[in-house]
Amino acid sequence: MIYAIIIAGIVIFWLFAVDRPVLRVTFKSGQMTTAKGHFPPTFKHNVSDIAESTPFDGEMKVYHQRAGMKLVFSKNVPKKVQQRIRNVFPHQGFKSRGKSKKSH
């Protein structure tokens with residue numbers, strides 16, 4: 001019985017504590033240094049143009065939520081750059097997890 005409670009606690013901790021973004025991009029001096037996850041080509045091109053025109057350091061993460069995608073930026077990314085990236089973000093360009101039922 002105690003083992004089941006411990007395992008359930010570990011699973012609950014893993015679901016809430018582990019950071020699991022769909023996309024993680026880090027920037028250093030206006031250049032993309034790392035990109036992990038699904039990065040649509042047009043969005044990647046637009047973000048690299050924005051980063052080259054206004055160099056900055058920081059990190060951008062994209063999370064998949066029930067209501068849609070959520071963009072999260074580190075504190076180092078300027079607010080104007082954040083808004084420019086949000087303006088070019090393709091909300092429909094990210095693949096959803098699992099199978100979805102299509103209505104006829």
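Everything numeric here is computed off the predicted structure, so don't read it as measured data.

Undergrad: In this structure, what is going on with the overall build of the protein chain? I would like to understand it.
TA: Across its full length, the protein chain carries 3 helices and 4 strands. Across the protein chain, every contact between residues at least 6 apart in sequence was considered, and the portion connecting residues at least 24 apart equals 51%. Within the structure as shown, the protein chain displays about 8000 Å² of accessible surface, and the carbon and sulfur contribution to it stands at 58%.

Undergrad: Looking at this structure, I do not really get the packing of aromatic side chains. What am I missing?
TA: Remark: the centre distance and the inter-plane angle together describe each pair of aromatic rings, the angle taken between the planes. Following the criterion strictly, the structure yields 3 aromatic pairs and no others. Between the aromatic rings of Phe-27 and Phe-56, the centroid separation amounts to 4.8 Å while the plane-to-plane angle is 50 degrees, which identifies the pairing as tilted. One end of the pair, Phe-27, is in strand β1 (residues 23-28); the other, Phe-56, is in the loop between α2 (41-53) and β3 (58-65), and 29 residues separate them in sequence. Residue Phe-27 is classed as buried on the basis of its relative accessible area of 4%. Classification of Phe-56 as buried rests on a relative accessible area of 4%. Look at Phe-39 and Phe-43: their rings are 5.6 Å apart centre to centre, the planes differ by 65 degrees, and that puts the pair in the edge-to-face class. Here Phe-39 and Phe-43 have matching classes, each one buried.

Undergrad: Can you help me understand the pairing of strand β2 (residues 31-37) in this one?
TA: The two faces of a sheet get side chains in turn, since along a regular strand they alternate between them. Of the pairings in the sheet, the one linking β1 to β2 comprises 6 bridges and is antiparallel in character. Its bridge partner lying in β2, Val-25 is registered against Ala-35. Between β1 and β2, which pair antiparallel in sequence order, lie 2 residues; one of them, Ser-29, sits at a positive phi of approximately 55 degrees.

Undergrad: Where do I start with the nonpolar core in this structure?
TA: One recurring pattern in soluble globular proteins: nonpolar side chains tend to sit buried together. Counting residues in hydrophobic clusters, the biggest one holds 18 residues, and the most contacted among them are Leu-23, Phe-27, Phe-43, Phe-56, Met-60 and Ile-85. Residue contacts for Phe-56: discarding those within four places in its chain leaves Phe-27, Lys-28, Ser-29, Gly-30, Ala-51, Val-77, Pro-78, Val-81 and Ile-85.

Undergrad: I'm lost on the pairing of β3 in this one. Help?
TA: Taken together, the 5 bridges between β1 and β3 define a ladder with antiparallel strand orientation. Within the sheet, the bridge partner assigned to Phe-27 lies in β3 and is Gly-58. Direction of pairing for β3 relative to strand β4 (residues 68-73): antiparallel, over a ladder of 6 bridges. Of the residues in β4, the one forming a bridge with Tyr-63 is Lys-70.

Undergrad: I keep staring at helix α3 (residues 79-88) and nothing clicks. Help me out?
TA: Since there are 3.6 residues in each turn of an α-helix, residues three or four apart along the chain are aligned in direction. Within α3, burial applies to Val-81, Gln-82 and Ile-85. Projection of α3 onto a plane perpendicular to its axis shows the buried side chains occupying an angular sector of 105 degrees, all on one side. Across α3 from its buried face, at more than 90 degrees, point the exposed residues Lys-79, Lys-80 and Asn-87. Where α3 is buried, its residues contact α2, β3 and β4.

What counts, and at which threshold
- Residues numbered from 1 in each chain as written.
- Predicted model: local features only at pLDDT ≥ 70, side-chain atom pairs only at ≥ 80, totals over all residues.
- Heavy atoms only, no water.
- Helix = DSSP H or I, 4+ residues; strand = E, 2+ residues; numbered from the N terminus.
- Contact = heavy atoms within 4.5 Å.
- Areas by Shrake-Rupley, 256 points an atom, 1.4 Å probe, with all protein chains shown as cover.
- Phe/Tyr/Trp six-rings, centres within 6.5 Å; stacked < 30°, edge-to-face > 60°.
- Buried < 20%, exposed > 50% of the residue type's maximum accessible area, 1.4 Å probe, protein only.
- Pairing = 2+ DSSP bridges.
- Core = buried A, V, L, I, M, F, W, Y, C linked by side-chain atoms within 4.5 Å.
- Arc of directions from axis to C-beta.

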